[in-house]
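Remarks on the overall topology
What follows is each chain in one-letter form.
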Amino acid sequence: MPESQETYTYRAGRKVLLTKATDQFVVRALPDAVEDRLGIADAERVSSASSRVTTRAPDLEPLMSVSKNSAPGLNVPDNNPAGVRDAINLTDVASVSSVKVKVDITHTFIGDLRVTLIAPSGSAVVLHDRNGGNAHNLQRTFDLSSTPALSALAGQPVQGNWTLLVQDLAAVDTGRLNSWEIEIQAGALSTIELQESPGTSIPDNNPAGIERALTTAESGTVKGVTVSVDITHTFIGDLLVRLVSPAGAEVTLHNRSGAGADNLIQTYTPPSLPALASLTGQQIQGAWKLKVADLEAQDIGKLNRWGLKIAREG
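Residues numbered from 1 in each chain as written. Predicted model: local features only at pLDDT ≥ 70, side-chain atom pairs only at ≥ 80, totals over all residues. Heavy atoms only, no water.

**Some thoughts on the overall build of the protein**
What the protein contains, in helices and strands, is one helix and 23 strands. Burial analysis of the protein (314 residues in total) assigns 42% to the buried set. For the protein, restricting intrachain contacts to residue pairs at least 6 apart in sequence, the fraction spanning at least 24 positions comes to 72%. (Helix = DSSP H or I, 4+ residues; strand = E, 2+ residues; numbered from the N terminus. Buried < 20%, exposed > 50% of the residue type's maximum accessible area, 1.4 Å probe, protein only. Contact = heavy atoms within 4.5 Å.)

**A few points about the side chain of Asp86**
With respect to the helices, strands and loops of the structure, Asp86 is situated in strand 8 (residues 80-90). Buried and unpaired, Asp86 has no salt bridge, with Lys68 as the nearest side chain of opposite charge at 10 Å. Side chain to side chain, Asp86 and Trp180 meet in a polar contact 2.8 Å long. Discounting chain neighbours no more than four positions away, the residues touching Asp86 are Ser70, Pro72, Leu74, Trp162, Thr163, Leu164, Leu177 and Trp180. (Lys, Arg positive; Asp, Glu negative; His and termini not counted. Salt bridge = Lys/Arg side-chain N within 4 Å of Asp/Glu carboxyl O. Polar contact = N/O pair within 3.5 Å; in protein donor to acceptor, adjacent residues only side chain to side chain.)

**Here's the deal with the sheet that holds strand 22 (residues 286-294)**
Reading across from one edge, 17-22-19-20 is the order of the four strands in this open sheet, with antiparallel pairing throughout. This sheet does not close on itself; its edge strands, each paired only once, are strand 17 (206-216) and strand 20 (250-255). Within the sheet, the average angular offset between the axes of one strand and its neighbour, ignoring direction, is 20°. (Pairing = 2+ DSSP bridges. Axes fitted to C-alpha atoms, helices over the stretch in contact; angles between N-to-C directions.)

**Details of the sheet that holds strand 10 (residues 113-118)**
Taking strand neighbours across the sheet as the criterion, the four strands line up as 8-13-10-11 in an open arrangement whose pairing is antiparallel. Each edge of the open sheet is held by one strand with a lone partner, namely strand 8 and strand 11 (124-129). Sheet twist, expressed as the average angle between the axes of neighbouring strands with direction ignored, equals 20°. Sheet topology note: the strand 8/strand 13 (residues 160-168) ladder contains eight bridges and is antiparallel. Looking at strand 13, one finds that Asp86 is bridged to Leu164.

**Some words on the pattern of salt bridges**
Oppositely charged side chains can pair when the atoms bearing their charge come close. In the structure shown here, the tally under the stated rule is seven salt bridges. Salt bridges sharing common partners tie together Glu211, Lys289 and Lys291.

**Points about the nonpolar core**
Judged by nonpolar contacts, the single largest core of 31 residues is most densely connected at Leu117, Trp162, Trp180 and Ile182. Counting only elements with at least two residues in this core, the list comes to strand 8, strand 9 (95-107), strand 10, strand 11, strand 12 (138-142), strand 13 and strand 14 (175-187). Among all residues touching Leu117, those that are not within four sequence positions of it are Val99, Val101, Ser123, Ala124, Val125, Leu127, Leu150, Leu153, Trp162, Thr163, Trp180 and Ile182. Within the second largest apolar cluster, 29 residues are counted, among which are Val227, Val229, Ile236 and Leu264. (Core = buried A, V, L, I, M, F, W, Y, C linked by side-chain atoms within 4.5 Å.)

**Considerations on the pairing of strand 10**
Counting buried positions along strand 10 yields five of six residues, so the element is predominantly enclosed. Here six bridges tie strand 10 to strand 13, and the two strands are oriented antiparallel to one another. By the bridge assignment for strand 13, Arg114 is matched with Gln167. Where strand 10 lies against strand 11, five bridges are found, and the strand directions are antiparallel. When the sheet's bridge partners are listed, Thr116 is paired in strand 11 with Val126. Here strand 10 hands over to strand 11 after five residues, with Gly122 in that stretch at a positive phi of 100°.

**Thoughts on the side chain of His107**
By the secondary structure assignment, His107 is in strand 9. At a separation of 2.8 Å, a polar atom in the side chain of His107 contacts the side chain of Asp168. With near-sequence residues (within four places) excluded, His107 lies in contact with Asp112, Leu113, Ala135, His136, Asn137, Asp168, Asp173, Thr174 and Gly175.

**Regarding unusual backbone geometry**
Although it is not a glycine, Arg130 sits at a positive phi angle of roughly 60°. Mapped onto the fold, Arg130 is located in the loop between strand 11 and strand 12. A relative accessible area of 38% means that Arg130 is categorised as partly exposed. Phi angles above zero are rare outside glycine, and Gln298 is one such case at about 95°. Along the chain, Gln298 falls in the loop between strand 22 and strand 23 (301-312). With relative accessibility at 70%, the residue Gln298 sits in the exposed group.

**Concerning the environment of Glu296**
Among the secondary structure elements, Glu296 is positioned in the loop between strand 22 and strand 23. Once the C-alpha coordinates of Glu296 and Asp238 are considered, the two residues, 58 residues apart in sequence, prove to be 5.4 Å apart. Among residues more than four places away in sequence, those in contact with Glu296 are Asp204, Asn205, Asp238 and Arg256. In terms of polar contacts, Glu296 uses its side chain to reach the side chain of Arg256, at 2.9 Å.

Given below as structure tokens:
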């Protein structure tokens, strides 16, 4: 069998190498969907939600999308900027390539309406802004061609609550948000963000200190790592803070500098801490550990929170 033929799986639009065995692919769709959307009739079901097919990678693009709908049936309050909101939660760990939104709103004067899509990040895109005059009902699909402002969401995380805000900004006419749907073409996350807020006390004058871990199932290799720490302490010159990669590589972030200054609230980047560059090329998947030790008596502190931003190669 040719060595160039490989087995991959597609997870939220990301191609993941499995083995150098065949040119088969595992996709997140059942055989009927594979046949309907790709015209491939010999897909083999391998789980409750996936199938194995033999095809070229570009043929799988139609399956790399995330979509979900909601039918809240919510009345839109008349002449009230608070409007009405409905959220759709998406769980796919991926980044946005493009967004399409379909809305079905009953209203007797759509020129009263402003409709806004709000991403999990808080970024907002106005889809409809009081145009259409006295036309009835807003039943429309918004995509990049009709609403170029949606391009601002490219690269943002898919995962989280996507919110539709519908406002009626003039009196008399009323309406109702019947349903809406969001469809996202998804790609691999270019940046993986991990964080926690443990509030863990750091034992005084104890080299063992504390160890916390942030774990990710994301594959790929590291392009760059940024580390943020928030440590309350009354003498940061006592502290030794280290980051350990899943492969066991250790980078010292803080080594007893700062003398009697209070609190270590710092973000470490490759430009500010060149030692972080040693993590480039390592595997992302696994447990990333933060070790914090207090190496002198008397002053005490705690790890409030810490986080990682891991840029993926490619």
